[in-house]
Amino acid sequence: MDDSSQAGAGQSASQGGGGGGSGSLRPPSVRVAMGFGVGVPSVAEAALAAAEAATPAAGHRPATLAQTNKEDNPNSAVYKKMEAIIERMQDENTGVPVKTVKSFMAKIPSVFTGADLIQWMMKNLDIDELNEATHLACLMSSHGYLFPIDDHVLTVRNDNTFYRFQTPYFWPSNMWEPENTDYAVYLCKRTMQNKTRLELADYEAENLARLQKMFSRKWEFIFMQAEAQSKVDKRRDKLERKVLDSQERAFWDVHRPVPGCVNTTEINIKKICSNSTKLMTLPAATPAQLIARQIQMLKQRLDRRNIKLSKVAES
């Protein structure tokens, strides 16, 4: 199902479905915590104001995501090569043709087809075989640089399926390390939006239930943060919100992939050890220093007990 059919179904769902999707997620004490019936600003209002102040104009950015040093990641060289290709793809004159597709009920902004992508790669990257171009496109998609607009599986097919470029903010070269609380806020926010394209998949619903059980003590704060972010997102332009929602979903598809898919953010332990291990060169010792080390070692042997305490106690 593409964005157009999903948008049409989402409109009908929003007209007839009401707001029952998020009622089960609100904890019993959240109304007290949000300050209903009290003459002071509620916690939800404060969270909403903080979300509006912290959210950039380009879209919602998870504020608690941690980053690591780029130089410490063994995949940094691979990321640089991929990003150089992505920048060529996004060139306005010689890049992949990106367009807004008009459908029966809505518009699908900033998309390109898989066939156009494969054709551009074979023409501009000196690739002769179709399978090689498709494989390279799938690798770039699995790392989150481009993604299908209506599928959680990050792969590329040589057909008329629509794809979209990821914003540079969510590129893997930024070394994001999202926590489970960020994922819980994202999933909780998805349940508050009555649109078919934002419905949780089966594995996401299971993850949400597991996270709700894990963070049961602070779930009301997670819920209020998700509610504040949802209110901020609703104030955006419709087409802009559609693009930002898909980019955020693709970000989590990389860091919390579908069961059975490879997590490309995991780092091979062998690469880490090979990069972090450094040869330690000891200074050349003089004969006097060697003799002093031997004397020290012999003294330690003399001080060592040769009889077990149990044997001494028996005697």
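Just above sits the structure.
Remember, predicted model here, so these are calculated numbers, not experimental data.

Undergrad: Whenever I open this one, the pairing of strand E5 (residues 162-165) confuses me. Can you help?
TA: Consecutive side chains along a regular strand alternate between the two faces of the sheet. Side chains Phe-162 and Arg-164 of E5 all project onto a buried face; the interleaved residues Tyr-163 and Phe-165 project onto the opposite face, where all are buried too. In terms of strand pairing, strand E3 (residues 107-113) meets E5 through 2 bridges, oriented antiparallel. The residue bridging Phe-112 from the neighbouring strand is Tyr-163, located in E5.

Undergrad: Can you help me understand the pattern of salt bridges in this one?
TA: Applying the stated criterion to the full structure yields 6 salt bridges. Note that Arg-190 and Glu-204 form a salt bridge whose closest N and O atoms lie 2.9 Å from each other. A residue pair is termed long-range when its members are at least 10 positions apart, and Arg-190 in helix H7 (residues 180-191) and Glu-204 in helix H8 (residues 202-214) qualify at 14 residues. Note on accessibility: Arg-190 and Glu-204 belong to one class, buried.

Undergrad: How should I be thinking about unusual backbone geometry in this particular structure?
TA: In terms of backbone geometry, most residues other than glycine have negative phi values and most peptide bonds are trans. Unlike most non-glycine residues, Ser-110 shows phi in positive territory, near 55°. Relative to the assigned elements, Ser-110 resides in strand E3. Positive phi is not limited to glycine here, since Asp-126 has a value of about 55°. Note on placement: Asp-126 falls in the loop between helix H5 (114-124) and helix H6 (130-142). By relative accessible area, which is 70% here, Asp-126 ends up exposed.

Undergrad: Explain the pairing of strand E2 (residues 99-102) to me, please; I cannot follow it from the model alone.
TA: As paired elements, E2 and E3 share 3 bridges and run antiparallel to each other. Across the sheet, residue Lys-99 finds its bridge partner in E3, namely Val-111. In this structure, the hairpin formed by E2 and E3 is closed by a connection of 4 residues.

Undergrad: Before we go on, may I ask you to explain the nonpolar core in this structure?
TA: It is characteristic of soluble globular proteins that their nonpolar side chains tend to be buried jointly. Counting residues in each nonpolar core, the largest one holds 23 residues, and the members touching the most others are Ile-86, Met-89, Leu-117, Met-121 and Leu-146. Of the residues forming this core, the biggest block, 5 residues, is contributed by helix H4 (residues 76-89). Residues contacting Ile-86, with those up to four places away along its chain left out, are Met-140, Tyr-145, Leu-146, Phe-165 and Trp-171.

Undergrad: Help me out: how do you make sense of the sheet that holds E5 in this one?
TA: Working definition: the strands of a sheet are paired by backbone hydrogen bonds and lie parallel or antiparallel to each other. Within the open sheet, the 4 strands sit side by side as E2-E3-E5-E4. Their pairing is antiparallel. The open sheet is flanked by E2 and strand E4 (146-148), the only strands paired with a single partner. Going from strand to strand, the sheet's axes swing by 60° on average, the running direction of each strand aside.

The rules we used
- Residues numbered from 1 in each chain as written.
- Predicted model: local features only at pLDDT ≥ 70, side-chain atom pairs only at ≥ 80, totals over all residues.
- Heavy atoms only, no water.
- Buried < 20%, exposed > 50% of the residue type's maximum accessible area, 1.4 Å probe, protein only.
- Helix = DSSP H or I, 4+ residues; strand = E, 2+ residues; numbered from the N terminus.
- Pairing = 2+ DSSP bridges.
- Salt bridge = Lys/Arg side-chain N within 4 Å of Asp/Glu carboxyl O.
- Core = buried A, V, L, I, M, F, W, Y, C linked by side-chain atoms within 4.5 Å.
- Contact = heavy atoms within 4.5 Å.
- Axes fitted to C-alpha atoms, helices over the stretch in contact; angles between N-to-C directions.

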